[in-house]
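# Notes for the structure review
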Amino acid sequence: MFYTKIESPVGPLLLAGDERGLCQLRFVAGRRKTVVPREWTREDAPFRDAVRQLRAYFAGELKKFDLTLAPEGTPFQLCVWEKLREIPYGETISYGELARRIGRPQAARAVGLANGANPIAIIIPCHRVIGANGTLTGYGGGLPIKKKLLALESRQLRLV
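Below is a short write-up of the structure. (Residues numbered from 1 in each chain as written. Predicted model: local features only at pLDDT ≥ 70, side-chain atom pairs only at ≥ 80, totals over all residues. Heavy atoms only, no water.)

### So, the sheet that holds strand S1 (residues 2-6)
Taking strand neighbours across the sheet as the criterion, the four strands line up as S3-S2-S1-S4 in an open arrangement whose pairing is mixed. The sheet is open, and its two borders are formed by strand S3 (21-27) and strand S4 (41-42), each paired with just one other strand. (Pairing = 2+ DSSP bridges. Helix = DSSP H or I, 4+ residues; strand = E, 2+ residues; numbered from the N terminus.)

### Notes on helix H4 (residues 108-116)
Val111, Ala114 and Asn115 are the residues of H4 that are buried. One side of H4 holds all its buried residues, which, seen down the axis, span an arc of 100°. Away from its buried face, by an angle of more than 90 degrees, H4 presents the exposed residues Arg109 and Leu113. Packed against the buried residues of H4 are helix H2 (75-84), helix H3 (95-101) and strand S6 (129-130). (Buried < 20%, exposed > 50% of the residue type's maximum accessible area, 1.4 Å probe, protein only. Arc of directions from axis to C-beta. Contact = heavy atoms within 4.5 Å.)

### Comments concerning the environment of Glu61
You can see Glu61 is positioned in the loop between helix H1 (48-58) and H2. With a relative accessible area of 60%, Glu61 lands in the exposed category. Between the C-alpha atoms of Glu61 and Arg48, which are 13 residues apart in sequence, the distance is 17 Å.

### Details of the state of the cysteines
The tally for this structure, following the rule as stated, stands at zero disulfides. Summary of cysteine pairing: Cys126 is not part of a disulfide, and the nearest cysteine sulfur, belonging to Cys79, is at 16 Å. The class of Cys126 is buried, set by a relative accessible area of 7%. (Disulfide = S-S within 2.5 Å.)

### Observations regarding the packing of aromatic side chains
Using the criterion set out here, one finds four aromatic pairs in the structure. Note on Tyr57 and Phe58: the rings are 5.4 Å apart at their centroids and 65° apart in plane angle, and the pair reads as edge-to-face. With a relative accessible area of 0%, Tyr57 lands in the buried category. Judged by relative accessible area, which is 2%, Phe58 ranks as buried. Arranged with centres 6.2 Å apart and planes meeting at 85°, the rings of Tyr57 and Tyr89 form a pair that is edge-to-face. With a gap of 32 residues between them, Tyr57 in helix H1 and Tyr89 in the loop between H2 and strand S5 (93-94) connect regions that are remote in the sequence. No difference in accessibility class separates Tyr57 from Tyr89, as the two residues are buried. One aromatic cluster is present, formed by Tyr57, Phe58, Phe65 and Tyr89 through successive ring pairs. (Phe/Tyr/Trp six-rings, centres within 6.5 Å; stacked < 30°, edge-to-face > 60°.)

Quick look at the structure:
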């Protein structure tokens, strides 16, 4: 596995991937601190396009990422993460609505767990899922970062 670290307006990010594509985008600090496994190799070149697109996103110039992704998860998680990618920029939905969109209307809690296990933050936009009553709920990078990302997408904030 290759990785790189970049600075971003929401703190340092770790990107990891292999020949299949981008496998992880994690917050280095935050609720779940990221530690790089010893067997990974630092290599910036494979992530140039991802870094370019992330910078454009933070500048408010990119609304949809075009990257080869290779998240690892259960079939249910992969289904949830694929549906997350269909939530348009600047929009939010509830966990219950996401459960309905995957055809499992009673699975809002399971959807929440899959959402929380998303290995490719920001690009797979789990920050666009909120509570049924409109409140912000858990986020791997912390609620202040979720709030910033949603403000960026609603054009209330420019991060760079």
